[in-house]
Amino acid sequence: MTDLMGYLSRSTGIVATILAVAALAWGFFFSARETGTRLRPNWWLDLHNWLGGLALIFTGVHILAAWLDSNSGVRFIDVFVPGTATAGWAIGWGVIAAYLFSVAVFTSWPKRWKNRRWWRVVHLGSVAGMVLALIHTYQSGSDTGALWFQIGFVFLASVATYGLGIRVFTKIAKAREAV
Ligand code: HEM
Ligand code: HEM
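Computed from a predicted structure; not experimentally measured.

> What's the story with the overall build of the protein in this structure? I'm lost.
When you go through the protein residue by residue, the secondary structure sums to seven helices and zero strands. Reading the helices (α) and strands (β) of the protein from amino to carboxyl end gives α-α-α-α-α-α-α. Taken over 179 residues, the protein has a buried fraction of 30%. Taking contacts inside the protein between residues at least 6 apart in sequence as the whole, the part at least 24 apart equals 66%.

Here's what the structure looks like:
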């Protein structure tokens, strides 16, 4: 049973990370209006929302499995209070990331917050969440020594950075055009 929970925690952690990075990149591409002309912008936004919601669901299963896995050293309190687990901040960064993802999702669904400015500030907390989730992954994963894990990690970090780059550079270009 413990073995099963250990495998479940690792696999759902990996799937949650892939989904969150995809949601992040899709969000940036949508906001930068860089989604091409073949498919409507709303199609991309819908996909972004689904990816974000699914990332949170997989994060929830990952946390539950980590708690049920008696080898992980994660107690009930460690799931909610960052830094209290035996592994300290290696797990703590994951706890904060999970809060930031939850806030991004629940201020957007079932209804988006009315104040657009504040909604965006809160929503962009998920970018910090992504960074923390990647730190948590690297510090606490049992698979971090494996080559496939390291290649996957660099690939996901690059996709996230590429999305951020597109968003920032299109914003700068638009600001220049407006001058
Ligand atoms: C882990 C979950 C999520 C992450 C990491 C995430 C991340 C992002 C990012 C980085 C942007 C670009 C914002 C910008 O550059 O200004 C964005 C945009 C957006 N997100 Fe999310 N998001 C998540 C979940 C969701 C969910 C569940 C919804 C709705 C149900 C949602 C709705 C939106 C909307 C409407 C935009 C477009 C904002 C605009 O340009 O007007 N997001 N998201
Ligand atoms: C309360 C929050 C969290 C807790 C208690 C937690 C717990 C854990 C534990 C105990 C491990 C070590 C499992 C192992 O490799 O044996 C782990 C690894 C991992 N976690 Fe989390 N986690 C949390 C949040 C997150 C979040 C938000 C993400 C990403 C969206 C994430 C993704 C991962 C990944 C990818 C691994 C590495 C799996 C591997 O080694 O293959 N975790 N987590």
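What follows continues from the structure just given.
> Teacher, can you tell me more about the site of ligand 2 here?
Taken together, the neighbourhood of ligand 2 is formed by 27 residues, with G13, G94, G141, S142 and D143 sitting nearest. Every element with two or more residues in the shell around ligand 2 is listed here: helix 1 (2-31), helix 2 (41-68), helix 4 (89-106) and helix 6 (125-140). Residue contributions to the shell around ligand 2 peak at eight residues, all from helix 1. Per-class residue counts for the shell around ligand 2 are twelve nonpolar, 13 polar and two charged.

> Would you mind going over the site of ligand 1 with me for this structure?
Lining the immediate surroundings of ligand 1 are 25 residues, of which G27, S31, G52, S108 and S126 lie closest. Among the elements of the structure, helix 1, helix 2, helix 4, helix 5 (116-123) and helix 6 are those that each provide at least two residues to the shell around ligand 1. For the shell around ligand 1, the residue count by class is 14 nonpolar, nine polar and two charged.

> I tried to follow the environment of I77 on my own but got confused; where do I start?
Note on placement: I77 falls in helix 3 (residues 76-80). Distance from I77 to V154, taken between C-alpha atoms, is 32 Å for residues 77 residues apart in sequence.

> Please explain helix 6 as it appears in this structure.
Helix length check: helix 6, at 16 residues, gives a terminal C-alpha distance of 22 Å against a target of 22 Å (1.5 Å per residue), a fit within 8%. Buried within helix 6 we find S126, G129, M130, L132, A133, H136, T137 and S140.

> Mind showing me how you'd approach unusual backbone geometry here?
Backbone geometry follows two general trends: most residues other than glycine have a negative phi, and most peptide bonds adopt the trans configuration. W109 connects to P110 through a cis peptide bond whose omega is 5°. Secondary-structure assignment places P110 in the loop between helix 4 and helix 5.

> I would appreciate a short explanation of the nonpolar core in the present structure.
Here is a general trend for soluble globular proteins: nonpolar side chains tend to be buried in one another's company. In this structure, A20, V21, L24, A25 and F101 are the most contacted members of the largest nonpolar core, which totals 32 residues. Looking at this core, the elements that each hand over two or more residues are helix 1, helix 2, helix 4, helix 6 and helix 7 (147-178). In terms of residue count, the dominant contributor to this core is helix 1 (twelve residues). Once you skip the residues sitting within four places of it in the chain, F101 turns out to touch A20, A55, L56, T59, S126 and G129.

> Explain the packing of helix 1 against helix 6 to me, please; I cannot follow it from the model alone.
In a pair of packed helices, the angle between the axes and the distance between the axes together describe the arrangement. Where helix 1 meets helix 6, the axes come as close as 11 Å, and the angle between the chain directions of the two elements is 150°. The angle between the axes of helix 1 and helix 6 places the two elements in the roughly antiparallel class. The handedness of the crossing between helix 1 and helix 6 is left-handed. Counting all contacts with helix 1, which are made through G13, T17, A20, V21 and L24, the residues of helix 6 involved are S126, V127, M130, A133 and T137. Of the residues that constitute the contact of helix 1 with helix 6, the class distribution is six nonpolar, four polar and no charged.

> In this structure, what is going on with helix 2? I would like to understand it.
The periodicity of an α-helix, 3.6 residues per turn, causes residues three or four places apart in sequence to face the same way. In a regular helix each residue adds 1.5 Å, so 28 residues correspond to 40 Å; helix 2 covers 41 Å between its end C-alpha atoms and thus fits that length. Among all positions in helix 2, only H48, G52, A55, L56, T59, H62, I63, A65 and A66 are buried. As for helix 2, its buried residues are in contact with helix 1, helix 3 and helix 4.

What counts, and at which threshold
- Residues numbered from 1 in each chain as written.
- Chains lettered and ligands numbered in written order.
- Predicted model: local features only at pLDDT ≥ 70, side-chain atom pairs only at ≥ 80, totals over all residues.
- Helix = DSSP H or I, 4+ residues; strand = E, 2+ residues; numbered from the N terminus.
- Buried ≥ 20, exposed ≤ 12 C-beta atoms within 10 Å, placed from the backbone.
- Contact = placed C-beta atoms within 7 Å.
- Near = placed C-beta within 6 Å.
- Nonpolar A, V, L, I, M, F, W, Y, C, P; charged D, E, K, R; others polar.
- Expected span 1.5 Å × (residues − 1).
- Core = buried A, V, L, I, M, F, W, Y, C linked by C-beta atoms within 7 Å.
- Axes fitted to C-alpha atoms, helices over the stretch in contact; angles between N-to-C directions.
- Parallel < 35°, antiparallel > 145°, perpendicular 65-115°, else oblique.
- Left-handed = near helix turned anticlockwise from the far one by under 90°.

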